Amino acid sequence: MAEIPGRSVTSKVVALFDAFGPDSPELTLNELSARTGLPLSTAHRLATELVAWGGLERCDGAGYRVGLRMWELGSLAPRGESLRDVALSVMQDLFEGTKENVHLAVCQDSQALYIEKISGAGALLVKSRRGGRLPLHATGVGKVLLAHAPKEVQANVLAGPLARFTRHTIVEPGRLVRVLDDVRGTGVAFAYEELTLGSLSVAAPIRDASGAVVAALDVVLHTTGGRPERLAPAVRTAAISISRSLRDQQIRSHP
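Residues numbered from 1 in each chain as written. Predicted model: local features only at pLDDT ≥ 70, side-chain atom pairs only at ≥ 80, totals over all residues. Heavy atoms only, no water.

Some words on the overall build of the protein chain
What counts is decided by this rule: A run of DSSP states H or I qualifies as a helix once it reaches four residues; a run of E qualifies as a strand once it reaches two. Both are numbered from the N-terminal end. Exposure is judged per residue with a 1.4 Å probe applied to protein chains only, and the accessible area is read against the type maximum: over 50% gives exposed, under 20% gives buried, and values in between give partly exposed. In what follows, residue pairs with any heavy atoms lying within 4.5 Å of each other are defined as contacts.
Scanning the protein chain from terminus to terminus reveals nine helices and nine strands. When the 255 residues of the protein chain are sorted by exposure, 47% land in the buried category. A separation of at least 24 residues holds for 56% of the contacts in the protein chain among residues at least 6 apart in sequence.

Spelled out as structure tokens, the structure:
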């Protein structure tokens, strides 16, 4: 494979990391080369340097995986960790009261980035994971974040295409706009089987010291778990409690 001209070393390294994902946590050198468009020799040289630095690790056999050095760097991100530190005890209380999945998410690159998740053995199995991303339009936290996102982010998402995950996914821009208006008006968002059949989500916004919505909190449960409207007051109260802590500690969002 010929080298793609004009690519910087940084872009090549970023491409190597972007090649990994939830469904591909381990990749061979050939797979890294194929996914990044890098010649085998270049992929091998960069991977070797990243292993020496700790950004990648060698797996048993011929594969690579993301190294602990990246986790160490990720833990230094102030927005995620400060929010997580403040929210964790409230999330734990919400989990104890519901025994269902509890998520904390922020908006990143027009997606919902999950920075914390609390779950238990009896909770519904869901697609979310800490550090994972899910679409804004099909999740409870995503609707909250999208409703309060900058106009350019909203325009980008509404321009579509809006992916359909189930027959309940809202893929009509006009309908989604009305839903977002309701979210801003009521202070709560619902997602009924829009990402996964059998699941529903109840979400509320979290505001920083400036009053800006910087995150969203939700509870995800099975559709047989009762009426989600009954959970809305608990989720909103938890989100308000986190917001109050952010305000008291003068924690603001970071650009």
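Overview of the sheet that holds strand β1 (residues 27–28)
The cut-off we apply is this: Criterion used throughout: strands pair if DSSP finds at least two bridges between them.
Overall, antiparallel pairing links the three strands, which are arranged β1-β3-β2 in an open sheet. At either margin of the open sheet sits one strand with a lone partner, and together these are β1 and β2 (56–58). As paired strands, β2 and strand β3 (residues 63–66) are joined by three bridges and run antiparallel to one another. Paired with Leu56 across the bridge in β3 is Val66.

What to know about the pairing of strand β4 (residues 101–108)
By the criterion of burial, β4 is predominantly enclosed, with six of the eight residues buried. With five bridges connecting them, β4 and strand β9 (residues 213–222) associate as antiparallel partners. Following the sheet pairing, His103 is matched in β9 by Asp218. Here β4 runs beside strand β5 (residues 111–118); their pairing, made up of seven bridges, is antiparallel. Looking at β5, one finds that Leu104 is bridged to Glu116. Following β4, the chain reverses through two residues before pairing antiparallel with β5; Asp109 in that reversal takes a positive phi of roughly 55°.

A closer look at the pattern of salt bridges
Stated precisely, the cut-off is as follows: Counted as salt bridges are all cases of a side-chain nitrogen of Lys or Arg within 4 Å of a carboxyl oxygen of Asp or Glu.
Enumeration over the complete set of coordinates arrives at ten salt bridges. A salt bridge links Arg84 to Asp85; its shortest N-O distance comes to 3.9 Å. Judged by its relative accessible area of 18%, Arg84 is buried. We classify Asp85 as exposed; its relative accessible area is 53%. Notably, a salt bridge pairs Arg175 with Glu172, separated by 3.8 Å at the nearest N-O pair. Residue Glu172 is classed as partly exposed on the basis of its relative accessible area of 36%. Each of Arg84, Asp85 and Glu116 takes part in one network of salt bridges that share partners.

Description of the side chain of Ser243
Put simply, the test is: Whenever two N or O atoms come within 3.5 Å, that pair is a polar contact, provided that in protein one can donate a hydrogen and the other can accept it, and provided that, for residues adjacent in sequence, both atoms are side-chain atoms.
In this structure, Ser243 sits in helix α9 (residues 232–248). Polar contacts involving the side chain of Ser243 include one to the main-chain carbonyl oxygen of Ala239, which spans 2.9 Å. Excluding anything up to four places from it in sequence, Ser243 contacts Pro205, Ile206 and Arg207.

Some remarks on helix α6 (residues 140–147)
Most of α6 sits out of view: eight of its eight residues are buried. Structurally, the start of α6 carries an N-cap: the backbone nitrogen of Gly142 is 3.0 Å from a side-chain oxygen of Thr139.

Brief notes about the sheet that holds β9
What counts is decided by this rule: Each axis is a line fitted through C-alpha atoms, taken for helices only over the stretch in contact, and angles between the N-to-C directions span 0 to 180 degrees.
Strand order across the open sheet formed by six strands is β6-β5-β4-β9-β8-β7, with antiparallel pairing between neighbours. Pairing within the sheet leaves two strands with one partner each, and these edge strands are β6 (133–135) and β7 (189–192). Averaged over all neighbouring strand pairs, the angle between strand axes comes to 30°, with direction disregarded.

Notes on the nonpolar core
For the record, the criterion: The set of buried Ala, Val, Leu, Ile, Met, Phe, Trp, Tyr and Cys residues whose side-chain atoms join them within 4.5 Å is what this entry labels a nonpolar core.
Core analysis: the largest hydrophobic core is formed by 30 residues, its most contacted members being Leu83, Leu104, Ile206, Leu217 and Ile242. Contributing elements (two or more residues each) for this core: α5 (78–98), β4, β5, β8 (199–207), β9 and α9. The leading source of residues in this core is α5, at seven residues. Val141, Leu146, Leu176 and Ala203 belong to the second largest nonpolar core, which has 23 residues in total.

A closer look at the packing of aromatic side chains
Filter applied, for reference: When the centres of two rings from Phe, Tyr and Trp lie within 6.5 Å, Trp using its six-membered ring, the rings pair. Their planes under 30 degrees apart give stacked, over 60 give edge-to-face, and anything left gives tilted. As a reminder, the over-ring test applies to NZ of lysine and CZ of arginine, requiring each to be within 6 Å of the ring centre and within 35 degrees of the ring normal.
For the structure shown, the criterion picks out one aromatic pair. Its guanidinium or amino end placed over the ring of Tyr64, Arg58 lies 4.5 Å from that ring's centre, counting from NZ or CZ.

What about unusual backbone geometry?
A cis amide bond links Gly160 with the next residue in sequence, Pro161, at an omega value of 0°. Checked against the element boundaries, Pro161 lands in the loop between α7 (151–158) and α8 (173–186). Positive phi outside glycine occurs at Lys99, with the angle close to 60°. You can see Lys99 is positioned in the loop between α5 and β4. A positive phi angle is found at Glu193, which is not glycine, with a value near 50°. Note that Glu193 resides in the loop between β7 and β8.

Keep in mind that these numbers describe shape and distance, not what the molecule does.
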